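# Structure at a glance
Residues per chain are reported as follows:
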Amino acid sequence: MSGKREKNKSQQRDKILQAAYAVFNQIGYQAAKVSQIAQTAHVSQVTLYKYFASKRLLFKALLKDLIQRELANMKQALSDLSVDQPQNFLKVIQFSQQETREFSKVFFEDVVAEYQGQNGDHEIYDYYEQELTVFWQYMIAQVRSSGYIASRISDQSLMLYFKIWTSYFADPKNSRWAQGIDLKTWVTQLTDLFYFGLLNVNDDKRQEMLKDLYEN
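Residues numbered from 1 in each chain as written. Predicted model: local features only at pLDDT ≥ 70, side-chain atom pairs only at ≥ 80, totals over all residues. Heavy atoms only, no water.

Right, let's get into the packing of helix 4 (residues 55-78) against helix 7 (residues 123-145). Remark: helix 4 packs on helix 7, axes separated minimally by 11 Å, with the N-to-C direction vectors making an angle of 0°. The angle between the axes of helix 4 and helix 7 places the two elements in the roughly parallel class. Between helix 4 and helix 7, the residues in contact are Lys60, Leu63, Lys64, Ile67, Gln68, Leu71, Met74, Lys75 and Leu78 and Glu123, Ile124, Tyr127, Tyr128, Glu131, Leu132, Phe135, Tyr138, Met139, Gln142 and Val143, respectively. Partitioned by chemical class, the residues of the contact of helix 4 with helix 7 number 13 nonpolar, two polar and five charged. (Axes fitted to C-alpha atoms, helices over the stretch in contact; angles between N-to-C directions. Helix = DSSP H or I, 4+ residues; strand = E, 2+ residues; numbered from the N terminus. Parallel < 35°, antiparallel > 145°, perpendicular 65-115°, else oblique. Contact = heavy atoms within 4.5 Å. Nonpolar A, V, L, I, M, F, W, Y, C, P; charged D, E, K, R; others polar.)

On the secondary structure map, Leu58 appears in helix 4. Not counting residues up to four positions away in its chain, the partners in contact with Leu58 are Ile16, Leu17, Ala20, Ile37, Leu48 and Phe52.

This part covers the packing of aromatic side chains. Considering all chains together, one arrives at twelve aromatic pairs under this definition. Ring geometry for Phe59 and Phe107: centres 6.2 Å apart, planes at 85°, overall edge-to-face. On the criterion of sequence distance, the pair formed by Phe59 in helix 4 and Phe107 in helix 6 (residues 105-115) is long-range, its members being 48 residues apart. Each member of the pair, Phe59 as well as Phe107, carries the same accessibility label: buried. Aromatic side chains Trp136 and Phe162 sit 4.8 Å apart centroid to centroid with 35° between the ring planes, which places their arrangement in the tilted category. Of this pair, Trp136 sits in helix 7 while Phe162 sits in helix 8 (residues 155-170), and the two are 26 residues apart along the sequence. We classify Phe162 as buried; its relative accessible area is 1%. One Lys or Arg, Lys55, reaches over the ring of Tyr29 and ends 4.4 Å from the middle of that ring. The ring centre of Tyr138 lies 4.8 Å from the NZ or CZ of Lys75, which sits over that ring. (Phe/Tyr/Trp six-rings, centres within 6.5 Å; stacked < 30°, edge-to-face > 60°. Buried < 20%, exposed > 50% of the residue type's maximum accessible area, 1.4 Å probe, protein only. Lys NZ or Arg CZ within 6 Å of the ring centre and 35° of its normal.)

Counting 58 residues, the largest nonpolar core has Phe24, Phe89, Phe107, Phe135, Met139 and Tyr195 as the members making the most contacts within it. Tallying contributions element by element places helix 4 first for this core, with eleven residues. Non-local contacts of Phe107, meaning those with residues more than four positions away in its chain, are made with Tyr21, Phe24, Asn25, Phe59, Leu62, Leu63 and Leu66. (Core = buried A, V, L, I, M, F, W, Y, C linked by side-chain atoms within 4.5 Å.)

Here Thr166 shows up in helix 8. Leave out the neighbours within four places in its chain, and Thr166 touches Tyr115, Tyr125, Glu129, Leu132 and Trp136.

Between helix 4 and helix 6, whose axes approach to 12 Å, the crossing angle comes to 95°. Taken together, the axes of helix 4 and helix 6 lie roughly perpendicular to each other. Residue-level inspection shows Arg56, Phe59, Lys60, Leu62, Leu63 and Leu66 of helix 4 in contact with helix 6, the latter providing Phe107, Asp110, Val111 and Glu114. Counted by class, the contact of helix 4 with helix 6 contains six nonpolar, no polar and four charged residues.

Okay, here's the thing in structure tokens:
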């Protein structure tokens with residue numbers, strides 16, 4: 001009986017998170033009201049508050065859920081990587097872009113602001129860094145075992161390379177530098193720079209994979 005109750009609670013929580021994503025992505029965090037999210041989830045505000053005590057906590061829970069789903073999909077794609085099929089690495093790249101491409105401009109900006117700690121704390125940044133570090137370690141091992149990382153490049157240098165990227169986007173000063181530029185539109189180019197800076201594949205294969213990246 002308790003198992004069924006827990007399953008129902010989990011489903012209800014997921015339903016609220018899905019509704020929150022729909023509302024936040026449509027009108028942004030600031031404009032969204034808890035009443036709108038509850039209505040979209042087909043629950044009362046009282047029920048919503050039993051799961052999430054405030055809009056801010058709901059927003060953070062949503063971001064953590066999005067992070068978990070993205071990393072799980074990317075990890076699954078990595079498990080299919082093989083020496084003779086480097087194109088499978090594109091699945092990892094595409095999963096890393098997929099959700100961001102579905103974000104509205106206002107929601108994307110909200111996510112960046114929360115990641116950068118502009119709302120008063122660095123909980124999401126710390127969570128993302130912790131989860132991402134574990135994923136990167138797994139990714140390096142998988143990609144290296146498939147022969148797509150040059151032996152001259154150490155695991156330590158790769159981890160530093162990854163940290164440089166996340167540290168850049170965690171600094172609000174860099175957002176001010178990019179003010180007026182829609183970073184969301186740069187996602188494919190930044191993904192190209194990020195991943196193909198580490199892959200050790202021949203020029204023909206690189207061109208083939210880049211063509212798939214930009215066209216899909």
